[in-house]
Amino acid sequence: MFRSDQIMATVEMVQKENLDVRTVTMGINLLDCRRGNVEETCKCVEEKIASYAGNFVEKCNLVAMKYGIPVVNKRISVTPAAFVGAGFTSDEFVMLAKSLDKAAQQAGVDILGGYAAHVEKGITASDLAFIKSIPEALAVTERLCASINVGSSHKGINMDAVAMVGRTVKDLAAQTADSGGFGAAKFVVFCNQPGDNPFMAGAIHGVEEADVVLNVGVSGPGVIAKSLKRIIGKKGRENLKLDDIAEEIKQITFRVTRCGELIGRQVSKELGVEFGVVDLSLAPTPKIGDSVGEILQILGVDDVGAPGSTAIVALLNDAVKKGGIFASKAVGGLSGAFIPVMEDAVLAEAVGKGALTIEKLEAMTCVCSVGLDMVPIPGDVDAATISAIIADEMAIGMVNNKTTAVRLIPVPGKGVGDIVSFGGLFGESPIMEVRNANKSGRFISWGGRIPAPIHSFKN
Amino acid sequence: MGKQLVISVMSKDRPGIIADIATVIYDLGGDLADLNQSVLGGYFTMLLIAEFEKNITPADLFSGFSNIESETKIEANIKEMEVKLEVEKKLLPRETFIVTVQGDNRKGLVKAMGDFFYGNNINVLDLATTREDDKYTMIFQVDLTSVPSMEAFRDNLNSLADQEKLNLVIQHNDIFMATNEVGTQLEILKSD
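All of these numbers come straight from a predicted model, not from anything done at the bench. (Residues numbered from 1 in each chain as written. Chains lettered and ligands numbered in written order. Predicted model: local features only at pLDDT ≥ 70, side-chain atom pairs only at ≥ 80, totals over all residues. Heavy atoms only, no water.)

Draft legend 1. Just the pairing of strand β2 (residues 71-78) of chain A, in detail. All names here are of chain A. For β2, the buried fraction is high: 7 of the 8 residues fall into the buried class. Pairing analysis gives 7 bridges linking strand β1 (residues 21-28) to β2, with the strands arranged parallel. Note on β2: the bridge partner recorded for Thr25 is Arg75. Inspection of the sheet shows β2 paired to strand β3 (residues 112-118) by 2 bridges, in the parallel sense. Within β3, the residue paired with Ile76 across the bridge is Leu112. (Buried < 20%, exposed > 50% of the residue type's maximum accessible area, 1.4 Å probe, protein only. Helix = DSSP H or I, 4+ residues; strand = E, 2+ residues; numbered from the N terminus. Pairing = 2+ DSSP bridges.)

Laid out in structure tokens, this is it:
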């Protein structure tokens with residue numbers, strides 16, 4: 001029998017602190033679906049996804065019901081589509097996109113990731129056709145998410161690709177202007193993109209993975225925020241130091257991770273699918289009380305973006321990893337704290353107050369995952385400036401051997417301070433200022449590559 | 001062939017009470033197979049199984065216990081077992097759940113829950129209760145192997161919670177193991 005206080009602490013975590021499993025994502029290899037033409041390939045893709053994910057949602061719900069822990073999102077990730085459709089024309093890639101969207105709908109999942117390509121070193125003719133297809137592919141589908149890996153610590157940054165994706169972001173926003181440029185919210189540019197990340201929009205099923213695996217994303221920042229409030233209320237702020245706070249975060253993350261792994265492994269057992277990794281990332285949602293920004297405020301900055309914000313994120317990110325890595329048999333994916341502006345109500349509020357700028361966000365991404373995420377910018381920011389912002393963020397990932405990503409939304413027809421809202425999990429925020437726009441064109445027009453950094457002499 | 005006795009002892013708690021009881025059993029050549037002890041409201045209670053090589057009778061034990069010095073007389077019940085009891089650690093049933101119940105303290109709370117479990121043919125494996133201020137907390141460990149539908153069972157529990165004005169949470173035992181135990185995790189995490 002357990003100690004009563006341990007039981008009540010766990011019950012409190014589930015009931016009052018909204019402990020959940022943020023996502024269970026099924027990764028499916030589609031490389032063996034390639035056939036002689038696009039129609040047959042699409043048919044095989046749909047059949048394979050249906051065969052593995054047909055009862056995926058049902059099984060997730062069953063396990064969630066049994067254990068009394070909600071599984072909030074059920075998603076699918078697939079092998080990067082540029083590999084699956086190598087040699088396709090742009091129109092044929094769009095057909096593949098529709099097919100993936102249909103398969104996601106039939107499986108009952110809200111998002112499918114993996115409309116992706118890896119071009120960190122060079123771009124093939126097929127990759128070019130694929131990248132060209134992205135704006136239309138995301139405009140005509142509902143559930144599909146796309147990503148491009150343009151850099152890595154080993155290969156450097158492909159600046160031709162960076163220049164290209166700046167334009168892709170603009171085209172995506174233009175093609176979905178009716179919905180505030182929502183298409184751009186489904187497209188992420190990566191450096192060091194992991195193949196086992198369960199979180200969208202950047203989830204893919206890497207070519208290094210087994211045929212089918214289940215990856216799990218742990219509960220959100222709300223549990224950490226509430227547990228910190230509890231301990232501060234109980235012990236008194238004057239009796240706590242930052243290392244006590246770090247220890248509390250570590251311990252709560254241990255519990256949260258254990259829960260995630262337990263549920264994930266039970267789902268994989270039910271489905272007869274290999275279990276992959278637990279991703280320790282704290283992914284906020286626009287819901288009040290589920291914010292990474294709130295944790296920063298609890299830890300002592302009045303507004304996110306104030307001096308000290310980067311140090312707090314560093315503490316939080318490290319404590320989460322320490323607790324989670326000990327708790328789990330297999331950690332992977334992105335595993336850090338996310339700071340997606342639109343998806344985090346407290347971050348969005350800080351933008352509205354002028355406290356949080358893109359430059360400060362960029363600084364914070366040096367010490368956490370995953371990058372400049374869900375950042376709405378004025379619709380008239382030029383493609384070269386967007387590419388240059390992407391290049392800066394990629395450089396942070398490349399030099400620091402970590403994953404970084406950019407998801408910028410140039411909202412058509414809107415300017416700084418205007419509100420853009422996508423609703424649901426994608427949230428809302430005032431549009432952020434892009435300072436020094438139109439000043440990076442000469443840099444982006446070089447093209448070529450930024451060579452991979454040296455991996456010694458690290459001072 | 002030795003014999004097995006089940007012994008229950010109750011007394012006012014004090015330092016050395018376990019040593020005194022164990023000494024009586026030891027002096028009679030007894031081997032403790034298993035025991036469970038608890039202190040409630042200043043009263044010590046212990047349930048134990050002892051095996052004896054010699055033909056020890058309950059009267060021998062009563063006599064030994066009567067010599068123990070205590071603020072209150074040692075009260076004991078002793079039962080001689082005809083069939084040897086299994087004392088190996090039994091694994092919990094796979095469908096073991098924890099039901100936590102909290103509500104304003106009043107008469108009949110444990111009875112209400114006991115009736116509910118009995119009515120649903122559910123065996124209570126363990127129960128702990130605490131009263132703090134006016135709040136009463138009950139923690140039931142229950143075997144739900146015979147429950148045909150978890151969904152229906154949860155609905156029934158929710159109705160009971162509404163009816164009795166209780167805060168009632170049910171969670172699988174594995175959740176508590178996963179979040180509180182370091183060493184026992186591997187077994188429940190096995191997906192194969």
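Don't stop here, the text continues.
Draft legend 2. Structural context of the interface of chain B and chain A. Between chain B and chain A, the contact holds 34 residues from the first and 30 residues from the second. Overall, the association of chain B and chain A removes approximately 2,900 Å² of surface from exposure, summing both partners, and the carbon and sulfur fraction of that is 65%. At the junction of chain B and chain A, the tally comes to 1 salt bridge. Lys66 of chain A serves as the salt-bridge partner of Glu95 of chain B, at 3.2 Å between the closest nitrogen and oxygen. The tally of links between chain B and chain A comes to 11 residue pairs in polar contact (both at pLDDT 80 or more). (Contact = heavy atoms within 4.5 Å. Buried area = accessible area lost by both parts, 1.4 Å probe. Salt bridge = Lys/Arg side-chain N within 4 Å of Asp/Glu carboxyl O. Polar contact = N/O pair within 3.5 Å; in protein donor to acceptor, adjacent residues only side chain to side chain.)

Draft legend 3. Examining the pattern of salt bridges more closely. Counted by the stated rule, this structure contains 26 salt bridges over all chains. Between Arg265 of chain A and Glu261 of chain A there is a salt bridge; the shortest N-O distance is 2.8 Å. On the criterion of helical spacing, the pair formed by Arg265 of chain A and Glu261 of chain A is a turn pair, its members being 4 residues apart in helix α9 (residues 242-271). For the pair Arg265 of chain A and Glu261 of chain A, a shared accessibility class is recorded, and that class is buried. One salt bridge in this structure joins Arg94 of chain B and Asp174 of chain B, with 3.4 Å as the shortest N-O distance. Of the two residues, Arg94 of chain B sits in the loop between β4 (75-81) and β5 (96-104) while Asp174 of chain B sits in helix α5 (residues 173-180), which places them 80 residues apart along the sequence. The class for Arg94 of chain B is partly exposed, based on a relative accessible area of 42%. Shared partners join several salt bridges into a network, and the residues in it are Asp20, Arg22 and Asp290 of chain A.

Draft legend 4. Spatial organisation of the sheet that holds β5 of chain B. Residue and element names in this part refer to chain B. Strand order in the open sheet formed by 4 strands is β6-β7-β5-β8, and the pairing between neighbours is antiparallel. The sheet is open, and its two edges are formed by β6 (123-132) and β8 (167-172), each paired on a single side. Neighbour-to-neighbour, the strand axes of this sheet turn through a mean angle of 15 degrees, independent of strand direction. Pairing of β5 with strand β7 (residues 135-143), which is carried by 9 bridges, proceeds in the antiparallel orientation. In the strand pairing of β7, Gln102 is matched with Thr137. Across the sheet, α5 lies against β5, β7 and β8, angled at about 75 degrees from β8, the strand it touches most. (Axes fitted to C-alpha atoms, helices over the stretch in contact; angles between N-to-C directions.)

Draft legend 5. Looking closely at the domain arrangement of chain B. Considered domain by domain, chain B is made up of domain 1 (3-81) and domain 2 (96-189). The C-alpha-based centres of domain 1 of chain B and domain 2 of chain B are spaced at 32 Å. (Domains from an automatic or database assignment.)

Draft legend 6. The arrangement of the packing of aromatic side chains in detail. Enumeration over the complete set of coordinates arrives at 10 aromatic pairs over all chains. For the pair Phe116 of chain B and Phe153 of chain B, a centre-to-centre distance of 5.9 Å together with 40 degrees between the ring planes defines the contact as tilted. With Phe116 of chain B in helix α3 (residues 109-119) and Phe153 of chain B in helix α4 (residues 150-164), this residue pair connects regions lying 37 residues apart in the sequence. Look at Phe153 of chain B and you get buried, because its relative accessible area is 3%. A connected cluster of aromatic rings, assembled from ring pairs, spans Phe88, Phe93, Tyr115 and Phe130 of chain A. (Phe/Tyr/Trp six-rings, centres within 6.5 Å; stacked < 30°, edge-to-face > 60°.)

Draft legend 7. Summary view of the pairing of β5 of chain B. Residue and element names in this part refer to chain B. Of all 9 residues in β5, 7 are buried, a share of seventy percent or more. As paired elements, β5 and β8 share 6 bridges and run antiparallel to each other. The residue of β8 that forms the bridge with Ile98 is Gln171.

Draft legend 8. Structural view of the packing of helix α6 (residues 125-139) of chain A against helix α7 (residues 159-175) of chain A. Residues and elements named next belong to chain A. Running from N to C, α6 and α7 cross one another at 20 degrees; their axes reach a closest spacing of 8 Å. Considering their axes alone, α6 and α7 lie roughly parallel with respect to each other. In this structure, α6 meets α7 at a crossing whose hand is right-handed. For the pair α6 and α7, contact is made by Leu128, Ile131, Ile134, Pro135, Glu136, Leu138 and Ala139 and by Met164, Thr168, Asp171, Leu172 and Gln175, respectively. (Parallel < 35°, antiparallel > 145°, perpendicular 65-115°, else oblique. Left-handed = near helix turned anticlockwise from the far one by under 90°.)

Draft legend 9. Fine view of helix α3 (residues 56-67) of chain A. All names here are of chain A. For α3, which comprises 12 residues, the first-to-last C-alpha distance of 17 Å matches the rise-based estimate of 16 Å (1.5 Å per residue) to within 8%. All buried positions along α3 are accounted for by Phe56, Val57, Lys59, Cys60, Val63, Ala64 and Tyr67. Looking down the long axis of α3, one finds its buried residues gathered within 165 degrees of arc, a one-sided arrangement. The positive-phi residue at the C-terminal boundary of α3 is Gly68, with phi of around 70 degrees. (Expected span 1.5 Å × (residues − 1). Arc of directions from axis to C-beta.)

Draft legend 10. How the structure looks around the environment of Lys59 of chain A. Residues and elements named next belong to chain A. Turning to its location among the elements, Lys59 is positioned in helix α3. Separated by 121 residues in the primary sequence, Lys59 and Gly180 have C-alpha atoms spaced 35 Å apart. Excluding its chain neighbours within four sequence positions, the residues that come into contact with Lys59 are Glu270 and Leu271.

Draft legend 11. Geometry of α6 of chain A. Residue and element names in this part refer to chain A. With 15 residues, α6 extends 23 Å between its outermost C-alpha atoms, agreeing within 8% with the 21 Å of an ideal straight helix rising 1.5 Å per residue. Considering bend angle alone, the principal kink of α6 is centred on Ser133 and spans about 40 degrees; proline Pro135 follows within four residues of it. Listed as buried for α6 are Ser126, Asp127, Ala129, Phe130, Ile131, Ser133, Ile134, Pro135, Ala137 and Leu138. The elements touched by buried residues of α6 are α4 (81-84), α5 (90-107), β3, β4 (144-152), α7 and β6 (187-191). (Bend = angle between axes of the 7 residues up to and from the residue.)

Draft legend 12. Main features of unusual backbone geometry. Looking along the chain, the bond that leaves Met200 of chain A and enters Ala201 of chain A is cis, with omega of 15 degrees. Unusually for a residue other than glycine, Asn401 of chain A sits at a positive phi of about 50 degrees. The phi torsion at Lys165 of chain B lies on the positive side, around 55 degrees, for a residue other than glycine. Using a relative accessible area of 71% as the deciding quantity, one classes Lys165 of chain B as exposed.

Draft legend 13. Layout of a nonpolar patch on the surface. All names here are of chain A. A cluster of nonpolar side chains, namely Leu31, Phe83 and Val207, defines an oily patch on the protein surface of about 250 Å² accessible area. Within the secondary structure, Val207 sits in the loop between β6 and β7 (212-217). Overall, the relative accessible area of 48% leaves Val207 in the partly exposed class. (Patch = residues over 30% accessible without salt bridge, like charges linked within 9 Å, V, L, I, M, F, W, Y side chains within 5 Å. Areas by Shrake-Rupley, 256 points an atom, 1.4 Å probe, with all protein chains shown as cover.)

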